[in-house]
Amino acid sequence: MKSLSVKQFNQYIKTSFKHDPLFQNVSVKGEIANYKISHNHIYFSLKEENEIIDCVIYYYEQKDIEDFNNGDEVIVDGNLIYNSFFSKISISVNNIEKKGLSEEYLNFLKIKEDFLKKGYVDKDIKKTICDYPKEIGLITSDKSAAIVDFLSVINKEISDINIYLYPVKVQGLSAKDEIINAINVLDKKNLDAIVITRGGGSKEDLKVFNEKDIVEEIYKAKSPIISAIGHKIDLSLTDLVSDLFLQTPTEAGSYLVRNYKKIRQDINKIFIDIQKTLNRNIELKELKLNNLKNSLDSYSLDKLLDEKTKNVNQIFEKIKNNLNLNIEKKENNLEILKYKLNSLKSILDIKKNSIFIKDFDGNFIYSKYSLKNKDKVNIVFSDGEVKAEIYDG
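Heads up: these notes are all about the structure in this document. Note that this is a predicted model, so its numbers are computed, not measured. (Residues numbered from 1 in each chain as written. Predicted model: local features only at pLDDT ≥ 70, side-chain atom pairs only at ≥ 80, totals over all residues. Heavy atoms only, no water.)

### Details of unusual backbone geometry
Worth spelling out the cut-off: Every helix listed is a DSSP run of H or I at least four residues long, and every strand listed is a run of E at least two residues long, numbered separately from the N terminus.
Phi is positive for asparagine 34, which is not a glycine, with a value near 55 degrees. The topology assignment puts asparagine 34 in strand 1 (residues 26–38). The phi dihedral of tyrosine 59 falls on the positive side, at around 50 degrees, and the residue is not glycine. By secondary structure assignment, the location of tyrosine 59 is in the loop between strand 3 (51–57) and strand 4 (72–83).

### Looking at the nonpolar core
Our working definition: Residues grouped as a nonpolar core are buried Ala, Val, Leu, Ile, Met, Phe, Trp, Tyr and Cys residues, joined through side-chain atoms within 4.5 Å. To sort residues, take the accessible area from a 1.4 Å probe on protein chains only and compare it with the maximum for the residue type: under 20% means buried, over 50% means exposed, and anything in between is partly exposed. Residues count as neighbours in contact if any of their non-hydrogen atoms are within 4.5 Å of one another.
Judged by nonpolar contacts, the single largest core of 28 residues is most densely connected at Ile139, Ile179, Ile183, Ile196, Phe209, Ile218 and Ile225. Those elements that provide at least two residues to this core are helix 3 (103–118), helix 5 (175–187), strand 8 (193–197), helix 6 (212–220) and helix 7 (237–241). Discounting residues that sit within four places of it in the chain, isoleucine 218 has contacts with Lys127, Ile183, Ile196, Ile225, Thr238, Val241 and Ser242. Membership of the second largest hydrophobic core comes to 18 residues, among which are Ile57, Leu80, Val93 and Ile96.

### Some details on helix 1 (residues 6–19)
This is how the line gets drawn: Expected span, for any helix, means 1.5 Å times one less than how many residues it has. When we speak of the arc, we mean the arc of directions from the helix axis to the C-beta atoms.
Taking 1.5 Å of rise per residue, 14 residues should cover 20 Å, and helix 1 covers 20 Å from first to last C-alpha, within 8% of that figure. Burial in helix 1 covers these residues: Asn10, Ile13 and Phe17. Angularly, the buried residues of helix 1 cover 60 degrees about the axis, an arc narrow enough to put them on a single face. Among the exposed residues of helix 1, those oriented more than 90 degrees off its buried face are Lys7, Tyr12, Lys18 and His19. Considering only its buried residues, helix 1 is in contact with helix 2 (21–24), strand 4 and strand 5 (88–101).

### Things to note about the environment of leucine 256
Along the chain, leucine 256 turns up in helix 8 (residues 249–256). Along the chain, leucine 256 and threonine 309 lie 53 residues apart, while their C-alpha atoms are 78 Å from each other. Setting aside residues no more than four positions away along its own chain, leucine 256 makes contact with Ile129, Pro133, Ile136, Phe150, Ile154, Ile161, Ala193, Val195 and Ile226.

### Some words on the sheet that holds strand 11 (residues 356–359)
Formally: Two strands make a pair as long as DSSP finds a minimum of two bridges between them. Structural elements are reduced to axes, namely lines fitted to C-alpha atoms, with helices fitted over the stretch in contact, and the angle between N-to-C directions of any two is expressed from 0 to 180 degrees.
Read from one edge to the other, the open sheet built from three strands follows the order 11-12-13, with strand pairing classed as antiparallel. Since the sheet does not close on itself, it has two edges, and those belong to strand 11 and strand 13 (384–389), each with one partner. This sheet shows a mean twist of 30 degrees between the axes of neighbouring strands, independent of strand direction.

### Considering a nonpolar patch on the surface
The following threshold applies: The patches reported here contain residues having more than 30% relative accessible area and no salt bridge. Joining distances are 9 Å for like charges and 5 Å for nonpolar side chains (Val, Leu, Ile, Met, Phe, Trp, Tyr). Areas reported as accessible are Shrake-Rupley estimates using a 1.4 Å probe. Residue values count occlusion only from the protein chains shown. Only one rule defines a salt bridge in this text: a Lys or Arg side-chain nitrogen within 4 Å of an Asp or Glu carboxyl oxygen.
A cluster of nonpolar side chains, contributed by Ile270, Ile274, Leu278 and Ile282, occupies part of the molecular surface with about 380 Å² of accessible area. Inspection of the secondary structure puts isoleucine 274 in helix 9 (residues 258–298). On the accessibility criterion, isoleucine 274 (45% relative accessible area) is partly exposed.

### Section: the pattern of salt bridges
By the definition in use, this model includes 14 salt bridges. Its salt-bridge partner being lysine 176, residue aspartate 213 comes within 3.2 Å of it at the nearest N-O pair. Here lysine 176 lies in helix 5 and aspartate 213 lies in helix 6, a separation of 37 residues in the sequence. A relative accessible area of 22% means that lysine 176 is categorised as partly exposed. Across the pair aspartate 375 and lysine 372 runs a salt bridge whose closest N-O atoms are separated by 3.6 Å.

### Overview of the pairing of strand 8
Among the five residues in strand 8, five count as buried, and that is most of the element. Of the two faces of strand 8, the one holding Ala193, Val195 and Thr197 and the one holding Ile194 and Ile196 are both buried throughout. Where strand 6 (residues 135–140) meets strand 8, four bridges bridge the pair, whose relative direction is parallel. Of the residues in strand 8, the one forming a bridge with leucine 138 is valine 195. Judged from the four bridges that link them, strand 8 and strand 9 (residues 225–228) form a sheet pairing that is parallel. Directly across from threonine 197, in strand 9, lies its bridge partner alanine 228.

Structure (structure tokens):
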């Protein structure tokens, strides 16, 4: 027989599902688990005891679909589909009919109610976890990422914490007995706390943590027990009865070292404050040293000589400028006096050359023909006047 490629094989399965009437019209009864809505589609599993089949309702808003919840018993009608990417068979649901709550879910609710009545979940009986735990038990799978997540947070802080790992299976038929045995063994060590954790999973994967016997063992334990099973929806019975419920292994680790972390933060703050104080003192000392240096520099001989020389030069320049101004002013005054003298000389010269003759009536005589013999006149000079008589007229 010729070998098929992976692609050819997957295509063969898809074709078989598509053309086989049995696969195109199935009706299956079961309990809803892992119910969720994503991108206009509803995804869930149908389960019966430890058997499951995945289902999907595409574009549920376009169909007349009532509300469903985990634990509902339903009958689905649809056709089988094959996802070649995940090698996964699912039922594409065309119709779904609710039949009520499944027997298994009703049993879960009954157990939960019994524990509530017994007071297993009362807050006043919860054991206190000390502020600085040192001895911690860890119950989880040794193949789980939960160990890495938990220890990575613990190891970030300086602490005296010792971890006692008890590896168990966290799902499957033997998980219950292994977890119960782990609680028994670790509880005898008088630990500060026991952490039961795993890395998350579907509700079906987590159903072991609803086992009545595990809940009873947690309730009887003397050590405080922390549940960190890694899911956010629908608390398990283990979560309810534990002394502290946290969602993830990382949160559990963070809680246990919270006070160690606070000590580290306080120490860091003190160190930063000391460093700031030292830096501030150093700055003040440097400022004082600079002031002293400036003071010493101000008393240096060279600087004093420079300053005195500068002052003398300034005084000399000032005297020189004043002298120059005075000289210039005197020169200006001399020029003015010289101008005045020249003006006066010009006036005197003019006056010397200016002689006027008037008759006694004060009339100016400009021509000799205006005079005759025996006429009397006044001759006006620049410095006065005299009387005269004409004798040759």
